[in-house]
Structure formats: C-alpha cells, structure tokens
Amino acid sequence: MNAAVEKVLRPLWQPVAARAARAYIAGPELSDGVRVCRELWQRGLASTLGFWDGAGESPRQVIDVYLASLAAMASLDVAADQSFDCYRSVKPDAFGFDAALLGEVVLRAHATGRRVHFDSLGPEGVERTFALIAGAAARHDDFGCTLPGGWRRSVADADRAVEMGLSVRVVKGQWPDLEGPPIDPRAGFLGVVDRLAGRARHVGVATHDLELGREALRRLRERGTPCSHELLTGLPSRQALAEARTLGTPVRFYVAYGNAWLPYALSQAAHKPRILWWIVRDTLLRK
Ligand SMILES: Cc1cc2nc3c(=O)[nH]c(=O)nc-3n(C[C@H](O)[C@H](O)[C@H](O)COP(=O)(O)OP(=O)(O)OC[C@H]3O[C@@H](n4cnc5c(N)ncnc54)[C@H](O)[C@@H]3O)c2cc1C
C-alpha cells in the first residue's frame, strides 16, 4: 500500500485493528490465558503461554507477569496431580534483555520444571538473546529459541541452537531480514528444518501453512527428530488437528494473553487480498 494512503488510513485502521486483534488472544489477564491452556490440556493438547505486552509495562512488571504465570502453572500441576504440559514463552525486549530479571524467571522455571522459550523479535535482537540464554545456562537446562525461515542467518543460528542444546520453534517470521533481499520464507523454513533434522533436541513446526507444516514434519520424522506442530489460537486449526491425529503428531497451541496484536499487516493486503476478508471476519463475525 502507498505510504501516503497508509498514513491517511492509519487513524481509521487502528481501532478496527484493535477490535479484530481480540480474536487472537485469550483475553487481557493471566487467568484468561491459563483458562485456555487448561481447556486445551483437558482436550489432550499442550500449550505455551505468551504474554503480549503493550507499550506501557516496565521490565519489572513484565517479569512479575512471567513469575505469576509460572506460579499458576505449578498450581495447575497440583490440581491435575500430574505435570501440565505448558512452557513459558518470553519476549526479551519486553524486559529490556535484563539478565538479572531473567534470572528470577529461570530460577522459578527450574524449580517447577518448565521450559523458558524465547520468541523471536527483529534480527537485531538475536545475538543478545543467545547471550542471555548462554548466561542462564548454568541455572536451567531447558531453553528454547525461535528461528525465522525468512532470515538468511537462521541456518547458522540452527547450528548454534543445536550446540547449545536448545529446543527450536521454526516460524516464517514476522520481521524482515535486514541483511539483503528477501528470501522465500517457505524455502527458508525448510532450510532451517533440514539443518535441525536429526540433531536438535526438539523442533516445533510453527505454521498454519498446512503444506509447509506437513513437509517439515515429514523431514523431521524421517531423521528421528522429536517434533511437534505448533499453532496459534485464533488461527484456523481444524485441518491441522485432524492430520496430527492421523499421524500421531503432538500439537501445541501458543496461547497469547495481554494486549491484542494482529498476526497480519494491512500493508500486505495489496498482494494478499484475503487479509481484507480476515479483517472483516475478525472484526464483525468472531467473538
Ligand atoms: C505457534 C506460533 C508461534 C509463533 N512465534 C513467532 C515468533 O516468536 N516470532 C515471529 O516472528 N513469528 C512468530 N509466529 C508467526 C509466524 O512468523 C508467521 O508470521 C505466522 O505464523 C504466519 O505464517 P504461516 O506460516 O502460518 O503462513 P501464512 O501463509 O501466513 O498462513 C498460512 C495459512 O493459514 C491461514 N491463515 C493465516 N492467517 C490467517 C488469519 N489471520 N485468518 C484466517 N486464516 C489465516 C491461511 O489459510 C493461510 O494461507 C508464530 C506463529 C505460530 C503459529
């Protein structure tokens, strides 16, 4: 979309986007996220809980939210009398890449046996994210990172993740590669998967692109790699679930709570017109 047109439309678009985005989060509170994770668990589905911060929270507040969620997961373990399969997803920019603050979360995660998984941000955050994980590795042995297929560097980062013993979530990626002309995110996705196959501790294939997910899972299984299909609540999942049942693939849902963000951009509507339909549906048709 032309930048001038986008500038004019932005004030009109923001309230629409805020309403539509509610379709993708469990609700504003931790209790909303925990409720959805519990419902999924009752259906035999694992989850990861992600807090989507707004602009206003301080790093301390974000860490307190993470700590509260780990406490809530632990109480669900006790209530269910078994380990409730849910890991904590964190966004390191939301707590300012602060190693001391992360340390509090790592201690709690270690005590309660939970993975701490780093969502991916822009490429400029990658080195700092690996440094944070390396710095915390003496205190916990279950970390995960996210590698976007759309970035050139992700194949080399896959080697690093393997060496560090990390679980990896592979995504197409929401942020562009800054190191050169765009690469095809599907081809990049499979390139990262190939690099991880047979070597990684665990790979989460995080995509709603069914054909891509199918192929990635096939390659991982062929090399005996522990893997699962990761899906975002709010996006279509019926067919992926049916396939997973047939193939016996474990499925995990990313359950977001907090501030609602759309998982698509209006600026892409010119070359992806179905986004216009998603906006109408998310704004008007979904609760
Ligand atoms: C579990 C999970 C975790 C993620 N974590 C991160 C992360 O840490 N960092 C990051 O940068 N990105 C993350 N992402 C987002 C990811 O990078 C992609 O932007 C997003 O998944 C869309 O790409 P896709 O592979 O699903 O393919 P797409 O081509 O975007 O979608 C595939 C198909 O899904 C359907 N679909 C997709 N969106 C909609 C919609 N809104 N409404 C209706 N149908 C739709 C359509 O049929 C579409 O053809 C995550 C995604 C998932 C599923």
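Just above, that's the structure.
With that settled, the discussion passes to the layout of surface pockets. If you add up the space inside the second largest pocket, you get close to 440 Å³. Lining the second largest pocket are 21 residues; nearest its centre among them are Ala-23, Ile-25, Val-36, Thr-233 and Gly-234. It is helix H2 (residues 30–42) that contributes the most residues to the lining of the second largest pocket, four residues altogether. Its residues assigned to classes, the lining of the second largest pocket shows 11 nonpolar, four polar and six charged.

Right, let's get into the nonpolar core. Counting 68 residues, the largest nonpolar core has Tyr-66, Phe-118 and Leu-196 as its most contacted members. Among residues more than four places away in sequence, those in contact with Phe-118 are Val-90, Pro-92, Phe-95, Leu-102, Thr-129, Leu-132, Ile-133, Phe-143, Gly-144, Cys-145 and Thr-146.

Okay, the environment of Ile-25 next. Here Ile-25 is to be found in the loop between helix H1 (3–21) and H2. Remark: the alpha-carbon pair of Ile-25 and Gly-258, spanning 233 residues in sequence, is separated by 7.3 Å. Excluding anything up to four places from it in sequence, Ile-25 contacts Trp-52, Ala-256, Tyr-257, Gly-258, Asn-259 and Ala-260.

Taken as a whole and judged by the stated rule, the model has 25 salt bridges. Note that Asp-142 is salt-bridged to Arg-115, the shortest N-O span being 3.4 Å. Of this pair, Asp-142 sits in the loop between helix H5 (126–136) and strand S4 (143–148) while Arg-115 sits in the loop between helix H4 (99–112) and strand S3 (116–118), placing them 27 residues apart in sequence. Pair check on accessibility: Asp-142 and Arg-115 agree, each one buried.

This part takes up the packing of aromatic side chains. Inspection of every chain in the model, using the stated rule, returns five aromatic pairs. Between Trp-41 and Phe-84 the ring centres are 6.0 Å apart and the planes differ by 85°, which places this aromatic pair in the edge-to-face class. Placement of Trp-41 in helix H2 and of Phe-84 in the loop between helix H3 (59–80) and strand S2 (86–90) is noted, with a sequence separation of 43 residues between them. Measuring from centroid to centroid gives 6.2 Å for Tyr-66 and Phe-95, while their planes differ by 85°, and the two rings are edge-to-face.

Looking at where Thr-207 falls in the secondary structure, it is placed in the loop between strand S6 (202–206) and helix H8 (210–222). Once residues lying within four places of it in the same chain are set aside, the contact partners of Thr-207 are Lys-172, Phe-189, Leu-212, Gly-213, His-229, Glu-230 and Leu-231.

Summarising burial for S4: six of the six residues are buried, a large majority. Inspection of the sheet shows S3 paired to S4 by three bridges, in the parallel sense. Its bridge partner being in S4, Phe-118 is matched across the sheet by Cys-145. One ladder, built from five bridges, connects S4 with strand S5 (residues 167–171); its direction is parallel. In the sheet register, Cys-145 faces S5, and the bridge partner there is Val-168. For the handedness criterion, the β-α-β arrangement of S4, helix H6 (residues 154–163) and S5 is classed as right-handed.

Criteria and thresholds
Per-chain numbering applies: the sequence of each chain, read as written, is numbered from 1 onward. Thresholds applied to this predicted model are a pLDDT of at least 70 for local features of residues and 80 or more for the giving and counting of side-chain atom pairs; totals over whole chains, interfaces and linings are not thresholded and use all residues. To get the side-chain values, take all heavy atoms of the structure and skip hydrogens and water. Points on a 1 Å grid over protein atoms alone make up a cavity when a 1.4 Å probe fits among them but cannot get out, and a pocket when they form an open set with protein on both sides within 12 Å along at least five of seven lines; lining residues each have an atom within 4 Å of a point. Grid points are joined across faces, edges and corners, and a volume is the space filled by probe spheres set on the points. Secondary structure elements are defined from DSSP: runs of H or I of at least 4 residues count as helices, runs of E of at least 2 residues count as strands, and each element is numbered from the N terminus. Each residue is assigned to one class: nonpolar for Ala, Val, Leu, Ile, Met, Phe, Trp, Tyr, Cys and Pro, charged for Asp, Glu, Lys and Arg, and polar for all the others, Gly among them. Residues belong to one nonpolar core when they are buried, are Ala, Val, Leu, Ile, Met, Phe, Trp, Tyr or Cys, and are joined through side-chain atoms within 4.5 Å. Exposure categories follow from relative accessible area, calculated using a 1.4 Å probe and restricted to protein chains: below 20% of the type maximum is buried, above 50% is exposed, and the middle band is partly exposed. We call two residues contacting when some pair of their heavy atoms lies within 4.5 Å. Salt bridge, as used here: a side-chain nitrogen of Lys or Arg that lies within 4 Å of a carboxyl oxygen of Asp or Glu. Centre distance within 6.5 Å is the pairing criterion for rings of Phe, Tyr and Trp, where only the six-membered ring of Trp is used; planes under 30 degrees apart are then read as stacked, over 60 as edge-to-face, and the remainder as tilted. Pairing between strands is defined by DSSP: at least two bridges between them are needed. Assignment of crossover handedness uses the view with strands pointing away from the viewer, where a clockwise path from the first strand over the helix to the second indicates a right-handed crossover.

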